[in-house]
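A structural walkthrough
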Amino acid sequence: MTKTPRKPTPGPIELMVLDKSRRRCALCFHVSGDLTEKLGQIAHLDQNRANFAEDNLAFLCMSHHSLYDSKTSQHKNYTIAEVKKARDRLYEAIEQGLHIQEARKTYVGFDDDRVTLQAIIDAMGGQTMTFLREFDFGNTFPISNLEGLKVVVLDRCHAEHEFVDRELEALRKKLVETGRRLLNLIVTYTFPLQNNSSGWVKIPDEWEENDHHRFFKIIAEMNDAANGVCAAYGDLVRAGRSKLAR
Ligand SMILES: [Zn+2]
């Protein structure tokens, strides 16, 4: 009976090579700075498949591996010293985390999404968020404190204001949805104070006397909506900052 030779399972040294390279090809990095993950194999650089010394091993993508191994090629082939040098530079780059920054930067729309996130922070991040985090809606407030929220919910509602990244866009939609809920409550239940020209509003005091229960239910609902906006804003800014870091 013939037996097909069993492929040896990767030993600790091969696992170390996979770990140090993070499956990035030493030659792709060498020739074009490519730090994306590749389908590939561990090459024995001296072509001796029994030599498992760590210095003799490098992770190469399929096409660079077969190019390196080919003997008939007209191509002036990569030398063993050249591949080792490329591999050592790759390990340094991985150690510095360059492969992660690369992965973050490589989606289409990255720069547009940075602009979109910054516009939301510029609109809401100052006065509006300070107000929403601290205010109790049982009190009087200037409607201008919600200007930033209006910009994000009502003005920035077109395709060019959306994130390209799906996760960030889902978080932006959530922010718009919670913001719309709060603005609807404010439009429905607050009214301008008598004799005021500067846009201060309040839930009418008479309501407290006429229907105490309803009055406090409305306040609770508005405070809850404001908390929802704060949470949605926090989720978006945190995800955006980590995803869009350079
Ligand atoms: Zn390659």
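Let me begin by describing the structure that accompanies this report. Only a predicted model underlies this, so the values are computations on that prediction, with no experimental measurement involved. (Residues numbered from 1 in each chain as written. Predicted model: local features only at pLDDT ≥ 70, side-chain atom pairs only at ≥ 80, totals over all residues. Heavy atoms only, no water.)

With that settled, the discussion passes to the overall build of the chain. Counting its secondary structure elements, the chain contains 11 helices and five strands. In summary, the chain has a C-alpha radius of gyration of 30 Å against a globular reference of 18 Å for 246 residues, an excess of more than 25%. In terms of principal-axis extent, the alpha carbons of the chain reach across some 95 × 40 × 30 Å. Residue burial in the chain is summarised as follows: out of 246 residues, 39% are buried. Contacts in the chain between residues at least 24 apart in sequence constitute 65% of all its contacts with a sequence separation of at least 6. Summed over all atoms, the accessible surface of the chain reaches about 14900 Å², with 52% contributed by carbon and sulfur. Averaging the coordinates of the 34 positive side-chain charges in the chain and doing the same for the 35 negative ones gives two points 9 Å apart. (Helix = DSSP H or I, 4+ residues; strand = E, 2+ residues; numbered from the N terminus. Rg over C-alpha atoms; globule rule 2.2 N^0.38 Å. Buried < 20%, exposed > 50% of the residue type's maximum accessible area, 1.4 Å probe, protein only. Contact = heavy atoms within 4.5 Å. Areas by Shrake-Rupley, 256 points an atom, 1.4 Å probe, with all protein chains shown as cover. Lys, Arg positive; Asp, Glu negative; His and termini not counted. Charge placed at Lys NZ, Arg CZ, Asp CG, Glu CD.)

Let's shift gears to the coordination of the zinc ion. Protein-derived ligands of the zinc ion are Cys25 (SG), Cys28 (SG), Cys61 (SG) and His64 (ND1), with the metal-ligand distances lying across 2.0 to 2.4 Å. Coordination at the zinc ion is tetrahedral: its four donor atoms span angles of 103 to 114° at the metal. Spacing between the donor residues of the zinc ion along their common chain follows C-x2-C-x32-C-x2-H. In this pair, Cys25 sits in the loop between helix 1 (12-21) and helix 2 (26-32) while His64 sits in helix 3 (residues 62-69), placing the two residues 39 residues apart along the sequence. For His64, a relative accessible area of 11% puts it in the buried group. (Donors = N, O, S within 2.8 Å, 3.2 Å for Na, K, Ca; no water. Tetrahedral: all angles 85-135°; square planar, octahedral: opposite > 155°, others 65-115°.)

Here the focus is the nonpolar core. One finds Leu132, Phe137, Leu175 and Leu182 to be the most contacted residues of the largest nonpolar core, which totals 41 residues. The leading source of residues in this core is helix 11 (residues 212-243), at 13 residues. Residues Cys28, Leu60, Ala86 and Ala93 belong to the second largest nonpolar core, which totals 18 residues. (Core = buried A, V, L, I, M, F, W, Y, C linked by side-chain atoms within 4.5 Å.)

Now for helix 3. In an α-helix, one turn spans 3.6 residues, which is why side chains three or four residues apart end up on the same side. Of all the residues in helix 3, the buried ones are His64, His65 and Tyr68. An end-on view of helix 3 places all buried positions within 105° of arc, on one side of the element. Structurally, helix 3 contributes buried residues whose contacts are with helix 2, strand 1 (40-44), strand 2 (57-61) and helix 4 (80-95). (Arc of directions from axis to C-beta.)

Before going further, it helps to spend a moment on the packing of aromatic side chains. A full pass over the atoms with the stated rule returns nine aromatic pairs. Where Phe131 meets Phe137, the ring centres are 5.9 Å apart and the plane angle is 80°; that geometry is what we call edge-to-face. We classify Phe131 as buried; its relative accessible area is 8%. On the accessibility criterion, Phe137 (0% relative accessible area) is buried. Ring centres of Phe131 and Phe141 lie 5.5 Å apart, and the angle between their planes is 40°; this geometry places the pair in the tilted category. Of this pair, Phe131 sits in helix 7 (residues 127-134) while Phe141 sits in strand 3 (residues 141-142), and the two are 10 residues apart along the sequence. Taken together, Phe131, Phe135, Phe137 and Phe141 form an aromatic cluster joined through their ring pairs. (Phe/Tyr/Trp six-rings, centres within 6.5 Å; stacked < 30°, edge-to-face > 60°.)

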